[in-house]
Amino acid sequence: MPVLTRLIPSPVVVDIRPGALDDLANVLADERISHSGKLAVAVSDGSGARLRERLAPSLPGATWYEVDGGTLDDAVRLAGDMKAGHYDALVGLGGGKIIDCAKFAAARVGLPLVAVPTNLAHDGLCSPVATLDNDAGRGSYGVPNPIAVVIDLDVIREAPARFVRAGIGDAVSNISAIADWELANRVNGEKIDGLAAAMARQAGEAVLRHPGGIGDNDFLQVLAEALVLSGIAMSVSGDSRPSSGACHEINHAFDLLFPKRAAAHGEQCGLGAAFAMYLRGAHEQSAYMARVLRRHGLPVLPEEIGFTVDEFVQAVEFAPQTRPGRYTILEHLDLKTDQIKDTYADYVKAIGS
Ligand SMILES: [Zn+2]
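Summary of the structure given here. Values in this document were obtained by computation on a predicted structure and should not be read as measured data.

### Let's talk about the coordination of the zinc ion
Argument step 1. Every protein donor of the zinc ion is accounted for by Asp170 (OD), Asp170 (OD), His248 (NE2) and His265 (NE2), and the metal-donor separations fall at 2.1 to 2.7 Å.
Argument step 2. For the zinc ion, the four donor atoms are set out with angles of 51 to 141° between them, so the coordination reads as irregular.
Argument step 3. Each donor residue of the zinc ion lies on the same chain, and together they follow the pattern D-x77-H-x16-H. With Asp170 in helix 6 (residues 161-188) and His265 in helix 10 (residues 265-279), the pair connects residues that are 95 residues apart, well separated along the chain.
Argument step 4. For His265, a relative accessible area of 24% gives the class partly exposed.

### Let's talk about the side chain of Asn174
Argument step 1. Its place among the elements puts Asn174 in helix 6.
Argument step 2. A relative accessible area of 0% places Asn174 in the buried class.
Argument step 3. Only 2.9 Å separates the side chain of Asn174 from the backbone oxygen of Ala200, close enough to count as a polar contact.
Argument step 4. In contact with Asn174, other than residues within four places in its own chain, are Asp123, Ala200, Ala203, Gly204, Ser230, Pro242 and Ser243.

### Re the pattern of salt bridges
Argument step 1. Scanning the entire structure with this criterion turns up 18 salt bridges.
Argument step 2. Here Arg138 makes a salt bridge to Asp255, at a shortest N to O gap of 3.2 Å. Here Arg138, found in strand 7 (residues 137-142), pairs with Asp255, found in helix 9 (residues 246-257); they are 117 residues apart in sequence, far enough to count as distant.
Argument step 3. You can call Arg138 partly exposed: its relative accessible area is 43%.
Argument step 4. Several salt bridges converge on common partners, so that one network encompasses Asp15, Arg17 and Asp23.

### Focus on the nonpolar core
Argument step 1. In this structure, Leu120, Ile151, Leu223 and Tyr347 are the most contacted members of the largest nonpolar core, which totals 74 residues.
Argument step 2. Core analysis: the second largest hydrophobic core is formed by 24 residues, Val27, Leu28, Val43 and Val116 among them.

### So, helix 11 (residues 283-295)
Argument step 1. Look at helix 11: 18 Å from first C-alpha to last across 13 residues, which is about the 18 Å you get at 1.5 Å a residue.
Argument step 2. For helix 11, the complete set of buried residues consists of Ser286, Ala287, Met289, Ala290, Val292 and Leu293.
Argument step 3. Where helix 11 is buried, its residues contact helix 6, helix 7 (194-209), helix 10 and helix 14 (337-351).
Argument step 4. Following helix 11 by one or two positions, Gly297 adopts a phi angle in the positive range, close to 80°.

### Quick notes on helix 12 (residues 309-318)
Since there are 3.6 residues in each turn of an α-helix, residues three or four apart along the chain are aligned in direction.
Argument step 1. Every buried residue of helix 12 is accounted for by Glu311, Phe312, Val313, Ala315 and Val316.
Argument step 2. Those residues of helix 12 that are buried are in contact with helix 9, helix 10, helix 13 (329-333) and helix 14.

### Re the packing of aromatic side chains
Argument step 1. What the rule picks out here adds up to 11 aromatic pairs.
Argument step 2. Ring geometry for Phe254 against Phe312: centres 6.2 Å apart, planes inclined by 35°, an arrangement best described as tilted. You can see Phe254 sitting in helix 9 and its partner Phe312 sitting in helix 12, a full 58 residues away along the chain. Side by side, Phe254 and Phe312 carry an identical accessibility label, which is buried.

Rules of the game
Residues numbered from 1 in each chain as written. Predicted model: local features only at pLDDT ≥ 70, side-chain atom pairs only at ≥ 80, totals over all residues. Heavy atoms only, no water. Donors = N, O, S within 2.8 Å, 3.2 Å for Na, K, Ca; no water. Tetrahedral: all angles 85-135°; square planar, octahedral: opposite > 155°, others 65-115°. Helix = DSSP H or I, 4+ residues; strand = E, 2+ residues; numbered from the N terminus. Buried < 20%, exposed > 50% of the residue type's maximum accessible area, 1.4 Å probe, protein only. Polar contact = N/O pair within 3.5 Å; in protein donor to acceptor, adjacent residues only side chain to side chain. Contact = heavy atoms within 4.5 Å. Salt bridge = Lys/Arg side-chain N within 4 Å of Asp/Glu carboxyl O. Core = buried A, V, L, I, M, F, W, Y, C linked by side-chain atoms within 4.5 Å. Expected span 1.5 Å × (residues − 1). Phe/Tyr/Trp six-rings, centres within 6.5 Å; stacked < 30°, edge-to-face > 60°.

What is shown is where atoms sit, not what they do.
See the structure below:
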């Protein structure tokens, strides 16, 4: 009988709970991850150093690599340093930059990656994309999905609040990204992957509608799971479509136009999503999204992340150029500067203060 289902590339272990790090050594000892115990571990020199002290005794076969930042050069250097090591796997232990660096380096030397994020700033912790700064600004590189994801909510609670909250904006922006996908389907006949869309949308809705906040473990559980599912949704569809539409084009525009002043990815995506929902005429959903983002202390107006209205208008106008070929509400409406200004003024009125 033919197999009519498809196989989905996904991690063999997803462990999200308070205290998960205490079992990291057991997870790594899984035959499919490391049978010899020879592991490379990439850490930041900041929060990574404390975790190294805690974890080193339980990982005697590990070699530790300190990673400076999140540039393509850092990732290439890490790959070069690991080349001679004959490791079974690379463990990326730290914030988003370390995970991205480790994802790229692992792919380059053909090792599986175990992602152990220490904050929830964005959905890259389990996605097939590494975002790295390069000479041209910032690039997205396709990589395999991690083989395992371990998120210790006790560790997440110690992360700076801003890097946990930002993940809320990235998760919620899925709702706008899916609406863009549906628009592209209606207008251009672009095919929607229903499973990827379902996973990404449910992840966004769960975070949007959860009454809790980043101080509660049950909210952190839902947020962490939502970010992991968003990442896997991207593996299912084979691109970032389920989690990236006009919201992300606006975010990329901020990054490219104002590289020194850009805010956190999730902060910019949340703002971009609330505005994009307004643009598509979903005024109630836009206002609801803005209310939720505000409740979590996230920006819904450009001045809340240090940008003027004119700079925001400039970013919205530039946004379609950041992802050529991706059809979203921005490409659909093809707004001129004055129209963006007017719509922004209406958006501000609609979300209230
Ligand atoms: Zn994102």
